[in-house]
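So the chains spell out like this:
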Amino acid sequence: MRIGIAADHGGFELKEELRERLTAAGHEVVDFGATAMNPGDDYPDYVTPLARAVAAGKVERGIAVCGSGVGASVVANKIRGVRACLINDHYSAGQGVEHDHMNIICLGGRVTGTYAAWDYIQAFVAAGFSQEERHLRRLSKLAALEKNISERGGEAISA
């Protein structure tokens, strides 16, 4: 799978570990930065290009890591077509893809250990969207909401 990954200083170490593990597992990893530890950097500078790449289909899924995972999630969800979520358990990592077509997993580098993060990533990557009618119906409603917000010049940003 072609997977994008991004992190600021709060998630840099975890991103590097996950990037290595994903590559070793045979995935193609596109790194959106940071490329070096910089305590003064800002997560929107890395997560925004990642989210745009996911929305545009340049990568199949994305992993965004900041200190808590909250900021990365907020930023990623500003991009139309992105369904990002902060994940702190195995079940939600897979279920988010299966039911909600989650395409970016957000993690907290300061609150999620390497082994737990890798477990969540494996569940996220292994899962597929169910295509069940009820889930398609819900995604259709989400798409209509995004379209309405965009047409009104609201908060959603087009990819």
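The rules behind these values
- Residues numbered from 1 in each chain as written.
- Predicted model: local features only at pLDDT ≥ 70, side-chain atom pairs only at ≥ 80, totals over all residues.
- Heavy atoms only, no water.
- Buried < 20%, exposed > 50% of the residue type's maximum accessible area, 1.4 Å probe, protein only.
- Helix = DSSP H or I, 4+ residues; strand = E, 2+ residues; numbered from the N terminus.
- Pairing = 2+ DSSP bridges.
- Right-handed = clockwise from strand over helix to strand, strands pointing away.
- Core = buried A, V, L, I, M, F, W, Y, C linked by side-chain atoms within 4.5 Å.
- Contact = heavy atoms within 4.5 Å.
- Phe/Tyr/Trp six-rings, centres within 6.5 Å; stacked < 30°, edge-to-face > 60°.
- Lys NZ or Arg CZ within 6 Å of the ring centre and 35° of its normal.
- Axes fitted to C-alpha atoms, helices over the stretch in contact; angles between N-to-C directions.
- 1 Å grid on protein atoms, 1.4 Å probe; cavity = no way out; pocket = protein on both sides within 12 Å on 5 of 7 lines; lining within 4 Å.
- Points joined across faces, edges and corners; volume = space filled by probe spheres on them.
- Nonpolar A, V, L, I, M, F, W, Y, C, P; charged D, E, K, R; others polar.
- Parallel < 35°, antiparallel > 145°, perpendicular 65-115°, else oblique.
- Left-handed = near helix turned anticlockwise from the far one by under 90°.

1. Examining the pairing of strand β5 (residues 104-108)
For step 1, the next point in the chain: Of all five residues in β5, five are buried, a share of seventy percent or more.
For step 2, the next point in the chain: Examined bridge by bridge, strand β3 (residues 61-66) and β5 share five bridges and lie parallel to one another. Bridging from a neighbouring strand, Val65 pairs with Leu107 of β5.
For step 3, the next point in the chain: Note that strand β4 (residues 84-86) and β5 share three bridges and pair parallel. Looking across to β5, one finds that Cys85 is bridged to Ile105.
For step 4, the next point in the chain: Of the crossover connections in this fold, the one passing from β4 over helix α4 (residues 90-100) to the parallel β5 is right-handed.

2. Digging into the nonpolar core
For step 1, the next point in the chain: Leu18, Ile63, Ile105, Leu107 and Ile121 are the most contacted members of the largest nonpolar core, which totals 22 residues.
For step 2, the next point in the chain: Breaking this core down by element, the ones donating at least two residues are β1 (2-7), α1 (12-24), β3, α4, β5 and α5 (114-126).
For step 3, the next point in the chain: Counting residues per element, this core draws most heavily on α5, at seven residues.
For step 4, the next point in the chain: With residues near it in sequence (within four places) discarded, Leu18 still touches Ile5, Ile63, Leu107, Ala117, Trp118 and Ile121.
For step 5, the next point in the chain: Ranked by size, the runner-up nonpolar core spans 21 residues in total, among them Val59, Val75, Ala84 and Ile104.

3. Overview of the packing of aromatic side chains
For step 1, the next point in the chain: This structure, assessed with the given rule, holds zero aromatic pairs.
For step 2, the next point in the chain: Here the basic side chain of Arg61 rests over the ring of Phe124, its NZ or CZ set 5.3 Å away from the ring centre.

4. Description of the environment of Thr112
For step 1, the next point in the chain: With respect to the secondary-structure elements, Thr112 resides in the loop between β5 and α5.
For step 2, the next point in the chain: Judged by its relative accessible area of 8%, Thr112 falls in the buried class.
For step 3, the next point in the chain: Along the chain, Thr112 and Gly57 lie 55 residues apart, while their C-alpha atoms are 28 Å from each other.
For step 4, the next point in the chain: Not counting chain neighbours up to four residues away, the residues in contact with Thr112 comprise Leu14, Asn88, Ala117 and Tyr120.

5. Observations regarding the sheet that holds β1
Two orientations exist for strands paired in a sheet by backbone hydrogen bonds: parallel and antiparallel.
For step 1, the next point in the chain: Read across the open sheet, the five strands follow the order β2-β1-β3-β5-β4; overall the sheet is parallel. This sheet does not close on itself; its edge strands, each paired only once, are β2 (28-31) and β4. Put simply, the sheet's adjacent strands are angled 25° from each other on average, direction ignored.
For step 2, the next point in the chain: Across the face of the sheet, α5 comes into contact with β1, β3 and β5 while running at roughly 175° to β5.

6. Re the layout of surface pockets
One simple way to see leftover space: roll a probe sized like a water molecule over the atoms.
For step 1, the next point in the chain: By volume, the second largest pocket is sized at about 170 Å³.
For step 2, the next point in the chain: In terms of lining, the second largest pocket is formed by 14 residues, of which the most central are Arg83, Gly96, His99, Asp100 and Met102.
For step 3, the next point in the chain: Elements represented by at least two residues in the lining of the second largest pocket include exactly β4, α4 and α6 (133-151).
For step 4, the next point in the chain: Here the lining of the second largest pocket takes five residues from α4, the largest share from any one element.
For step 5, the next point in the chain: Residues belonging to the lining of the second largest pocket are distributed by class as follows: six nonpolar, five polar and three charged.

7. Quick look at the pairing of β3
For step 1, the next point in the chain: β3 sits mainly inside the fold: six of its six residues count as buried.
For step 2, the next point in the chain: Of the pairings in the sheet, the one linking β1 to β3 comprises five bridges and is parallel in character. Residue Ile5 lies in a different strand from β3, and its bridge partner there is Ile63.

8. So, the packing of α1 against α5
For step 1, the next point in the chain: The N-to-C vectors of α1 and α5 enclose an angle of 50°; their axes lie 11 Å apart at closest approach. Taken together, the axes of α1 and α5 are oblique relative to one another. By crossing handedness, the relation of α1 to α5 is classed as right-handed. The residues of α5 that touch α1, namely those facing Leu14, Glu17, Leu18, Arg21 and Leu22, are Thr114, Tyr115, Ala117, Trp118 and Ile121.
For step 2, the next point in the chain: Of the residues contributing to the contact of α1 with α5, the split by class is seven nonpolar, one polar and two charged.

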